[in-house]
Structure formats: structure tokens, C-alpha cells
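Each chain, letter by letter, is given below.
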Amino acid sequence: MKPLYLAILFLATLTSCNDTGKRDASLLKKSVGNINRLLVITPNDFWNAEVGEAIRDYFAAPVEGLPQDEPMFSMNQMPPETFSDFARSNRIFLQVGIGKEDKVVIKNDVYAKPQVGAYIVGTSKESIIKLIEENYKQIIESFHETELMEKQRRINVSLMKLDSLQSKLGVKLRVPSAYHIAKQNDTFFWLRKELKEGNNNIMVYTAPMNMIGKDSTVVADIIKIRDSIGSKLLPVEDDDLFITEEAYAPYFFNSSLDGRPAYETKGIWEVKGAWMSGPFVNYIVKDEKHNRYIVLEGFTHAPSVEKRDLQFELQAILNSAKFE
């Protein structure tokens, strides 16, 4: 690879604008690709050595909160000279190579729309690896946001009617029509989609404001809430309990839904004594007007099936939440 190859590519892609100096989005083709599939453009000798190892370490790191290791992105690699025509339609791509300066650029809609491309240029392999280590979080965040929006766009093609959820709990969710209401009352909704092996599930319910205490007890309080609801309202056989798996410490984040602060928790659920378990993602949003919390959770039961994309679908659904 010639040293200036990627720098020249930058100049070509970042200046392909119309007469007004702005990119003409109307000329772009529609992007393609499965959700969370990342195309990596870098020379073969980079991919098969330290640079490739650094890319895999960060962009194929295990997804948090799953029972088995599954990569954050499924990756395909191709050398720069073959990155043309249809390959440029990939929705997310990472291009890594040698240039005359150390630089990281994230661009939207370079060859297609919607699309996010991240370019990492270094003066040496060592500098490229350093740039990856310093910038991977920002790049992953851009990829994740794009994939979440694309998943929501696909969900919106066919939605189930959920007026009762909005009227009873003040929550509006955009849920695929493949789901159905498994159980509901004035304070609890359980939605379910049957899979070839298992099911995907959504719960929406309320909890009293006094059930979550100060910072030091938040995670423990969240687990108490979900265990108390799951053990009472989700039917399992032989009086077993649907609870949070005790052996796995859940991941906890400060997040947001519909512009409101939210607690986000990812972990493993189990049916105590029944050898059943799977991943869950849980959001808790404060509803001060009604002196309560609104809890939105997605959980997957899919034995012997990879669960990354199933959980990602649930995240996309829950992130569509709108509150009164």
C-alpha cells in the first residue's frame, strides 16, 4: 500500500460535493448490510498481524450481558484495492491504513445513505494501533447509533397496535407486529414473540418511587424490583421463580430514554431450579408526576441460539419509548 493512498482517498471522499459545497445526498444509493455487520478495509498484511489484532480486540469484543461470548460486530475484511462498487454500499465500515499524518475521521453518508465510515490513518503501524486504542469508543458509539436507527426503521415497517399500553401506563412503544400481548393489567404488560427456538419478550410495568434508594444500593434495588415482579407475574412450572441470575454481576449504566434519565441494567435471568436462563436489558425511568418508576425490560429465551441480535432488537424497541 503506497503511503499516500489513504490520504488521497480522504481528499476524494471528503470533497465530493455539489456546487454549493455541500454533499448531494440525493445522488447516494441506499446502504445495505445485516445489522451489526462491520466491513473493515485494510491491507491483508495489516489484518493478519498486530493492526488486525487491535481491530478485533476492540470491535469484536464480547457484548456485555450475554451468557456466552458473542462479538460486538461481525466483521468482514477486504484490502483497499477491492473496496469499490457494491462494497461501498455497506452501512458501517472502518478503513485503516498508512498516511502522512495521524488522523481519525468519522463521516456520514460518504458513498451511501444512511452510512457511517470511520477512517484511521497513521504514519506507522504503531501509531495506527494507538489511534485505535484512543478512539474506538467514539467510533463504536457512532456505529451503534446508526445500527439502532436502522433496526428501528425496519421495525417501523409493520407495527403492532398498542393503544392500551399508552392509555394505561402512559408509555408509547413501537413494537413489531410479530409480537403479541401475553398478559396485561392496569400496571403490567408482557409482550412476546415466538422464535424457532424460544422467544423474545418485553415487560413494561410500574414500581413505587421508594423502591430505589441511594447510589450505593441502586443496583441491588433494581434487582429486587425485577425479581419481585418476575417471580409473581411470569408463569413458570412447578412453582419455580423467574429471577436475576446470582452468579453473574449485572452491568449497570446511567442512560436515557426519550430524553429522560434512566438506569440501564444488563444481566442474566434464570428460572430457579429449572436450568433455564438468558440475557435481559432493563431500563428504569423516574415518573415524578405520578410518583413512580416506569420499568421497561426485554429478555430472551433462546437455548442454543446466538442472542446478540435478539437483544439488540429489544434494545431498539425499548429505545423507541415515548412518555406522556
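What counts and how
All chains use their own residue numbering, which begins from 1 and follows the written sequence. The predicted nature of this model means local features are confined to residues of pLDDT at least 70 and side-chain atom pairs, given and counted, to a pLDDT of 80 or more, with totals for whole chains, interfaces and linings taken over all residues. With hydrogens and water excluded, all non-hydrogen atoms of the structure serve as input to the side-chain values. Any residue under 20% of the maximum accessible area for its type is buried, any over 50% is exposed, and the rest in between are partly exposed; the area is computed with a 1.4 Å probe on protein chains only. Secondary structure elements are taken from DSSP: a helix is a run of H or I of four residues or more, a strand is a run of E of two residues or more, and numbering for both begins at the N terminus. By definition, the arc is the one covered by directions from the helix axis to the C-beta atoms. By definition, residues are in contact when any of their heavy atoms lie within 4.5 Å. Definition of nonpolar core: a set of buried residues of the types Ala, Val, Leu, Ile, Met, Phe, Trp, Tyr and Cys, connected through side-chain atoms within 4.5 Å. Counting of polar contacts relies on pairs of N or O atoms within 3.5 Å, with two restrictions inside protein: one atom must be capable of donating a hydrogen and the other of accepting it, and residues adjacent in sequence are counted only when both atoms are side-chain atoms.

Engineer: Even after reading the chapter, I still don't get helix H3 (residues 50-59), so can you show me in this structure?
Structural biologist: Each α-helix turn comprises 3.6 residues. Residues three or four places apart therefore point the same way. Taken residue by residue, H3 has Val51, Gly52, Ala54, Ile55 and Phe59 as its buried positions. For H3, the buried positions fall inside an angular range of 160° around the axis, keeping them on one side. Projecting away from the buried face of H3 at angles above 90 degrees are the exposed residues Glu50 and Asp57. Against the buried residues of H3 lie strand S2 (37-41), helix H2 (44-47), strand S3 (74-78), strand S4 (92-98) and helix H4 (125-155).

Engineer: For this particular structure, what's the right way to read the nonpolar core?
Structural biologist: Where a protein is soluble and globular, its nonpolar side chains tend to be buried together. Residues Val171, Leu173, Val175, Ile202, Val204 and Leu296 are the most contacted members of the largest nonpolar core, which totals 29 residues. Looking at this core, the elements with two or more residues in it are H4, helix H5 (163-169), strand S10 (188-195), strand S11 (198-208), strand S15 (276-287), strand S16 (292-301) and helix H7 (308-318). The element best represented in this core is H7, accounting for five residues. Counting 24 residues, the second-largest nonpolar core is a separate cluster that includes Phe46, Val51, Ile55 and Phe59.

Engineer: Even after reading the chapter, I still don't get the side chain of Asn199, so can you show me in this structure?
Structural biologist: By secondary structure assignment, the location of Asn199 is in strand S11. You can call Asn199 buried: its relative accessible area is 8%. Here Asn201 takes part through its side chain, which lies 2.7 Å from a polar atom of the side chain of Asn199.

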